[in-house]
Amino acid sequence: MGRSPPAARKFPVAQILLLHSAYGLRPAVHAAADRLRAAGHTVHTPDLYEGRTFDDVEEGMAYKEELGSDELLRRAVGAAAPLLASGDALVYAGFSLGGSLAQNLALADENARGLLLLHGTSDIREDAATSIPVQLHVAEPDPFEPEDWLNAWYLNMRRAGADVEIHRYHGAGHVFTDPDLADYDAEAAERTWAVALDFLAELDA
């Protein structure tokens, strides 16, 4: 009687809240969500701008300022609430502005499973405490994420207890994963998704 073939290794499927950048819920965000779904994850992409999208960063940032940081955070919390009510531990992820919001949500959620940051970070409260794995992908240099800021962010995140890794992409634009923006860098984008998918696969593996 022959042996049964070895069972395929099963990676844990993540429940991911993926938040868009100041450009709004553009096609690139949907494409990223589809890529993550193809790897077996469940992905939620709330529209914090209620249908508004932008091709110009200044216009996107102006609309972000019009809404205000408190309102955007309120909307992000509202998007996370029904997912948290289901009892599943969330992976928080976001692009630039969405990364900043995702970080704030993750650090406030003691059951967070992980934090995937694309192009953006946020400040960290001195009393923050977490043990989640964190992965950041950022251009080098990036005018929105300068070197001194990133160094302080890394040290503060480590002090809070997070397991942090940073991946930098020399010469790429700020939101280099969006193929419809001038920032786009195809090689950096593909490297980002390969590393990010490994990161998600290893959560609680």
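Keep in mind it's a predicted model, so treat the numbers as computed, not measured.

S.K.: Please set out the overall build of the protein residue by residue, giving values where relevant.
M.R.: Counting its secondary structure elements, the protein contains 6 helices and 6 strands. Along the protein, from the amino end to the carboxyl end, the secondary structure elements read β-α-β-α-α-β-α-β-β-α-β-α. Computed over C-alpha atoms, the radius of gyration of the protein comes to 17 Å, within 12% of the 17 Å expected from 2.2 N^0.38 for 205 residues, which places it in the range of a compact globule. Dimensions of the protein along its principal axes, counting C-alpha atoms only, are 70 × 40 × 35 Å. Counting across all 205 residues of the protein, residues that qualify as buried make up 49%.

S.K.: How would you sum up unusual backbone geometry? Please name residues and give values.
M.R.: A cis amide bond links Glu140 with the next residue in sequence, Pro141, at an omega value of 0 degrees. Counting through the fold element by element, Pro141 comes out in the loop between strand E5 (133-140) and helix H5 (147-160). The phi torsion at Ser96 lies on the positive side, around 50 degrees, for a residue other than glycine. Position of Ser96 among the secondary structure elements: in the loop between strand E3 (90-95) and helix H4 (97-108). For Ser96, a relative accessible area of 16% corresponds to the buried category. Within the chain, His119 stands out as a residue other than glycine whose phi angle is a positive 75 degrees. Along the chain, His119 falls in the loop between strand E4 (114-118) and E5. Residue classification places His119 among the buried positions, given a relative accessible area of 0%.

S.K.: Break down the packing of helix H3 (residues 69-85) against H4 for me, citing the residues and quoting the values.
M.R.: The relative placement of two packed helices comes down to the angle between their axes together with the axis-to-axis distance. In contact at an axis separation of 10 Å, H3 and H4 are set at 65 degrees when each is read in the N-to-C sense. Pair H3 / H4 crosses with right-handed handedness. Every residue of H4 that contacts H3 at Leu72, Leu73, Ala76, Val77 and Ala80 is listed here: Leu97, Leu101, Asn104 and Leu105. Looking at the contact of H3 with H4 residue by residue, the classes come out as 8 nonpolar, 1 polar and no charged.

S.K.: Can you tell me about the packing of aromatic side chains, naming the residues and giving the values?
M.R.: Taken as a whole and judged by the stated rule, the model has 5 aromatic pairs. Geometrically, the ring pair formed by Phe54 and Tyr63 is tilted, given 5.5 Å between the ring centres and 45 degrees between the ring planes. The class of Phe54 is buried, set by a relative accessible area of 7%. The lysine or arginine in question, Arg52, covers the ring of Tyr63, its NZ or CZ lying 4.6 Å from the ring centre.

S.K.: Describe the sheet that holds strand E6 (residues 163-170), listing the residues and the values that go with them.
M.R.: Pairing is parallel across the open sheet formed by 6 strands, whose spatial order is E2-E1-E3-E4-E5-E6. On the outer flanks of this sheet lie strand E2 (42-44) and E6, each paired with one strand and no other. Pairwise comparison of adjacent strand axes, ignoring direction, gives a mean angle of 15 degrees for this sheet. Bridge analysis of E4 against E5 gives 4 bridges, and the strand direction is parallel. Bridge pairing links Leu118 to His137 in E5. Docked against the sheet, H4 engages strand E1 (15-19), E3 and E4, running at close to 155 degrees with respect to E3.

S.K.: Go over the nonpolar core, please, and point to the residues and values.
M.R.: Residues Tyr92, Leu115 and Val134 are the most contacted members of the largest nonpolar core, which totals 35 residues. Breaking this core down by element, the ones donating at least two residues are E1, helix H2 (57-67), H3, E3, H4, E4, E5 and H5. Excluding residues within four positions of it along the chain, Val134 makes contact with Leu115, Leu117, Trp153, Met157, Ala162, Asp163, Val164, Glu165 and Phe199. Core analysis: the second largest hydrophobic core is formed by 19 residues, Ile16, Phe95, Leu116 and Ala196 among them.

Each value, and the rule that gives it
- Residues numbered from 1 in each chain as written.
- Predicted model: local features only at pLDDT ≥ 70, side-chain atom pairs only at ≥ 80, totals over all residues.
- Heavy atoms only, no water.
- Helix = DSSP H or I, 4+ residues; strand = E, 2+ residues; numbered from the N terminus.
- Rg over C-alpha atoms; globule rule 2.2 N^0.38 Å.
- Buried < 20%, exposed > 50% of the residue type's maximum accessible area, 1.4 Å probe, protein only.
- Axes fitted to C-alpha atoms, helices over the stretch in contact; angles between N-to-C directions.
- Left-handed = near helix turned anticlockwise from the far one by under 90°.
- Contact = heavy atoms within 4.5 Å.
- Nonpolar A, V, L, I, M, F, W, Y, C, P; charged D, E, K, R; others polar.
- Phe/Tyr/Trp six-rings, centres within 6.5 Å; stacked < 30°, edge-to-face > 60°.
- Lys NZ or Arg CZ within 6 Å of the ring centre and 35° of its normal.
- Pairing = 2+ DSSP bridges.
- Core = buried A, V, L, I, M, F, W, Y, C linked by side-chain atoms within 4.5 Å.

Just distances and angles here, no functional claims.
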